[in-house]
Amino acid sequence: DFSYTNDPQKLALKNVSFSVKSGETVGIIGGTGSAKTSLVHLIPRLYDATGGTVKVGGIDVRDYDMQTLRSEVAMVLQKNILFSGTIKDNLRWGNPAATDAELMTAARQAQADEFIQRLPDGYDTYIEEGGTNVSGGQRQRLCIARALVKQPKILILDDSTSAVDTRTDSLIRTAFKEEIPNTTKFIIAQRVSSVQDADKIIVMESGSVNGIGTHDELLATNTIYQEVYYSQTKGGKIADEA
Ligand SMILES: Nc1ncnc2c1ncn2[C@@H]1O[C@H](COP(=O)(O)OP(=O)(O)OP(=O)(O)O)[C@@H](O)[C@H]1O
Ligand SMILES: [Mg+2]
């Protein structure tokens, strides 16, 4: 359980229980306010569970040295932010020791390398405060690249590809699968296409787990998942690809 107010009557997360194997990809889907963000925030201890425990590698997150835990978990926040400085500075944020080659590998995996190379100053391009001189989708890809530079054991993307087209979104997920297979990935998304190929998908509703399963399992059994899926597909095609 988790409460923002310590009021046991007002739980943001209630009776949530699941386990994830190392290297798995977990999709999280659910309406606005269903507590998707609250759930993943418990992993690097942005908040602590008020009932029960969150364990990483079998160890209660509260028993980790905070710095150690956070160095292993990279999270792209829903309100992702870039700071003023070059693209290289921004990418090195989570790992100041990263080499240029490592920055480029991360950018390539996040499908950001191509547009970075096309910028007049490439990786030395200056990003304005808040990233206002790059597009929303470019900003999201830079934030994903920045998370990858940390080479985390756990990668959390909170609605991090909402402004990225579905094809590019798919290329990012392919890169995750092929190039960082041992990293455990949590992907919060509004689009079913972003979570469809996950090892398991968690359907959140009002702070509780409404269903857990693969795409096929949920499509056969979970009403919320069915509704979301069919609202996003037209004539068998994903609506925003059509
Ligand atoms: N910092 C906070 N303090 C108090 N209540 C909060 C806070 N953040 C979220 N909440 C509440 O917790 C509930 C779950 O919010 P959360 O942000 O986890 O939902 P979400 O599924 O991520 O929604 P969205 O899809 O809009 O991002 C909501 O009722 C919200 O109002
Ligand atoms: Mg959220």
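Thresholds, definitions, all that
- Residues numbered from 1 in each chain as written.
- Chains lettered and ligands numbered in written order.
- Predicted model: local features only at pLDDT ≥ 70, side-chain atom pairs only at ≥ 80, totals over all residues.
- Heavy atoms only, no water.
- Near = heavy atom within 4 Å.
- Polar contact = N/O pair within 3.5 Å; in protein donor to acceptor, adjacent residues only side chain to side chain.
- Areas by Shrake-Rupley, 256 points an atom, 1.4 Å probe, with all protein chains shown as cover.
- Nonpolar A, V, L, I, M, F, W, Y, C, P; charged D, E, K, R; others polar.
- Donors = N, O, S within 2.8 Å, 3.2 Å for Na, K, Ca; no water.
- Helix = DSSP H or I, 4+ residues; strand = E, 2+ residues; numbered from the N terminus.
- Buried < 20%, exposed > 50% of the residue type's maximum accessible area, 1.4 Å probe, protein only.
- 1 Å grid on protein atoms, 1.4 Å probe; cavity = no way out; pocket = protein on both sides within 12 Å on 5 of 7 lines; lining within 4 Å.
- Points joined across faces, edges and corners; volume = space filled by probe spheres on them.
- Lys, Arg positive; Asp, Glu negative; His and termini not counted.
- Salt bridge = Lys/Arg side-chain N within 4 Å of Asp/Glu carboxyl O.
- Contact = heavy atoms within 4.5 Å.
- Patch = residues over 30% accessible without salt bridge, like charges linked within 9 Å, V, L, I, M, F, W, Y side chains within 5 Å.

### Digging into the site of ligand 1
Argument step 1. The immediate surroundings of ligand 1 are formed by Tyr4, Gly31, Thr32, Gly33, Ser34, Ala35, Lys36, Thr37, Ser38, Tyr47, Gln78 and Gln190.
Argument step 2. Separating an oxygen atom of ligand 1 from a backbone N or O atom of alanine 35 is a distance of 2.9 Å.
Argument step 3. Between lysine 36 and ligand 1, the recorded distance is 2.7 Å, taken from a side-chain N or O atom to an oxygen atom.
Argument step 4. For ligand 1, whose unbound accessible area comes to 630 Å², protein coverage reaches 59%.
Argument step 5. For the shell around ligand 1, a count of residues per class yields three nonpolar, eight polar and one charged.

### What about the coordination of the magnesium ion (ligand 2)?
Argument step 1. Listed as protein donors to the magnesium ion (ligand 2) are Thr37 (OG1) and Gln78 (OE1); their distances from the metal cover 2.0 to 2.3 Å. With a gap of 41 residues between them, threonine 37 in helix 1 (residues 36–41) and glutamine 78 in the loop between strand 4 (73–76) and strand 5 (85–86) connect regions that are remote in the sequence.

### Some details on unusual backbone geometry
Argument step 1. Its identity as a non-glycine residue notwithstanding, asparagine 15 has a phi of 60°, on the positive side.
Argument step 2. Within the secondary structure, asparagine 15 sits in the segment before strand 1 (25–30).
Argument step 3. Judged by its relative accessible area of 67%, asparagine 15 is exposed.
Argument step 4. If you check the backbone angles, glutamine 151 has positive phi at about 50° while not being a glycine.

### Remarks on the layout of surface pockets
Rolled over the atoms, a probe with the dimensions of a water molecule shows which regions are left empty.
Argument step 1. Approximately 820 Å³ is the volume attributed to the largest pocket.
Argument step 2. The wall of the largest pocket is formed by 35 residues, among which Ile43, Val54, Lys55, Val56 and Phe186 lie closest to the centre.
Argument step 3. Counting only elements with at least two residues in the lining of the largest pocket, the list comes to strand 2 (55–56), helix 2 (66–72) and strand 8 (184–188).
Argument step 4. Among the elements that take part in the lining of the largest pocket, helix 2 stands out by supplying three residues, more than any other.
Argument step 5. Here the residues of the lining of the largest pocket sort into 16 nonpolar, 13 polar and six charged.
Argument step 6. Of the volumes computed, that of the second largest pocket is approximately 410 Å³.
Argument step 7. Around the second largest pocket, the lining comprises 18 residues; the ones closest to its centre are Met75, Val76, Leu77, Trp93 and Lys150.
Argument step 8. Residue assignment for the lining of the second largest pocket shows that the elements contributing at least two residues are strand 4 and helix 6 (136–149).
Argument step 9. Of the residues forming the lining of the second largest pocket, the biggest block, four residues, is contributed by strand 4.
Argument step 10. In terms of residue class, the lining of the second largest pocket is made up of 13 nonpolar, two polar and three charged.

### So, the side chain of aspartate 113
Argument step 1. Here aspartate 113 shows up in helix 5 (residues 113–118).
Argument step 2. Despite its burial, aspartate 113 remains without a salt bridge, the nearest opposite charge being carried by arginine 108 at 6.2 Å.
Argument step 3. A polar contact is formed between the side chain of aspartate 113 and the side chain of tyrosine 123, at a distance of 2.6 Å.
Argument step 4. Excluding residues within four positions of it along the chain, aspartate 113 makes contact with Met104, Ala107, Arg108 and Tyr123.

### Observations concerning the environment of isoleucine 87
Argument step 1. By secondary structure assignment, the location of isoleucine 87 is in helix 3 (residues 87–91).
Argument step 2. Residues isoleucine 87 and serine 34, 53 residues apart in the sequence, show an inter-C-alpha distance of 34 Å.
Argument step 3. Look past the residues within four positions of isoleucine 87 in its chain and what remains in contact with it is Ile116, Leu119, Gly122, Tyr123, Thr125, Ile127 and Leu142.

### Description of a nonpolar patch on the surface
Argument step 1. A contiguous nonpolar patch, built from Tyr4, Leu46, Tyr47 and Leu77 and spanning about 370 Å² of accessible area, is present on the exposed surface.
Argument step 2. Position of leucine 77 among the secondary structure elements: in the loop between strand 4 and strand 5.

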